[in-house]
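# A structural walkthrough
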Amino acid sequence: MVTAIVHINAEVDRIPEIAQTIAEIDGVSEVYSITGEYDLMAMVRVAAYEQIAEVIPGRLNKVPGVLNTSTHIAFRTYSKHDLDAAFSIGLTESD
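Presented here is an overview of the structure given in this document. Values in this document were obtained by computation on a predicted structure and should not be read as measured data.

### Here we look at the overall build of the protein chain
Counting its secondary structure elements, the protein chain contains 3 helices and 4 strands. When the helices and strands of the protein chain are placed in sequence order, the string is β-α-β-β-α-β-α. Going through the 95 residues of the protein chain one by one, you find that 31% of them count as buried. Taking as baseline every contact in the protein chain between residues at least 6 positions apart, the subset at least 24 positions apart corresponds to 66%.

Take a look at the structure:
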């Protein structure tokens, strides 16, 4: 799994519409409205590195209202959620 974090500058008056359009792109798992230098952040998760080019410059950058993007590729993922799944032995809270 390859994860990319994409910072997006968008037309300010269309942020909700642009975010929804981006969220509907295959490979985009989440889109966040953020503060700071960028307007949106998208998490792109694909099976192979080559698919990044299909998703980001191929589709995301072509969404009307996207002004520019900055893409960061993650080397490794650290998450409490991943750790919970790794250490789970199938017991439920009621067991």
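### Examining the sheet that holds strand S2 (residues 28–33)
Across the sheet, which stays open at both edges, the 4 strands sit in the order S2-S3-S1-S4 with antiparallel pairing between neighbours. Two strands in the sheet have a free side with no partner beyond their single neighbour: S2 and strand S4 (66–73). For this sheet, the mean inter-axis angle between neighbouring strands, taken without regard to orientation, is 20 degrees. Judged from the 7 bridges that link them, strand S1 (residues 2–10) and strand S3 (residues 40–46) form a sheet pairing that is antiparallel. If you follow Ala-4 over to S3, its bridge partner there is Val-44.

### Focus: the side chain of Thr-3
Structurally, Thr-3 can be placed in strand S1. Assessed through its relative accessible area of 8%, Thr-3 is described here as buried. The contact partners of Thr-3, leaving out residues within four places of it in the chain, are Met-43, Val-44, Arg-45, His-72, Ile-73, Ala-74 and Thr-77.

### Brief notes about the pattern of salt bridges
Under the counting rule described, the total for this entry stands at 3 salt bridges. Arg-14 is paired through a salt bridge with Glu-17; the nearest N and O atoms lie 2.8 Å apart. Judged by relative accessible area, which is 46%, Glu-17 ranks as partly exposed. Where salt bridges share partners, they join Glu-11, Arg-14 and Glu-17 into one cluster.

### Focus on the nonpolar core
If you look at the biggest cluster of nonpolar residues, it comprises 21 residues, and the most contacted ones within it are Ile-8, Ile-22, Val-28, Leu-40, Val-44 and Leu-60. Contributing elements (two or more residues each) for this core: S1, helix H1 (15–23), S3 and helix H2 (50–55). Sorting elements by how many residues they give to this core places S1 first, with 5 residues. Setting aside residues up to four positions removed in sequence, Ile-8 forms contacts with Ile-22, Tyr-38, Asp-39, Leu-40, Ala-42, Leu-60, Val-66, Asn-68 and Thr-69.

Definitions and cut-offs
- All residue numbers refer to position in the chain's written sequence, counted from 1.
- For this predicted model, a pLDDT threshold of at least 70 governs which residues receive local features, and a threshold of 80 or more governs which side-chain atom pairs are given and counted, while totals over whole chains, interfaces and linings are taken from all residues.
- Only hydrogens and water are removed before side-chain values are computed, so all heavy atoms of the structure are retained for them.
- Starting at the N terminus, helices and strands are each numbered in turn, a helix being any DSSP run of H or I of at least four residues and a strand any DSSP run of E of at least two.
- Throughout this description, buried means an accessible area under 20% of the type-specific maximum (1.4 Å probe, protein chains only), exposed means over 50%, and partly exposed covers the range between.
- By definition in these notes, contact holds between two residues if any of their heavy atoms fall within 4.5 Å.
- For two strands to count as paired, DSSP must find a minimum of two bridges between them.
- A fitted line through C-alpha atoms serves as each axis, taken over the contacting stretch for helices, and the angle formed by two N-to-C directions is quoted from 0 to 180°.
- One speaks of a salt bridge when a side-chain nitrogen belonging to Lys or Arg is within 4 Å of a carboxyl oxygen belonging to Asp or Glu.
- The set of buried Ala, Val, Leu, Ile, Met, Phe, Trp, Tyr and Cys residues whose side-chain atoms join them within 4.5 Å is what this entry labels a nonpolar core.

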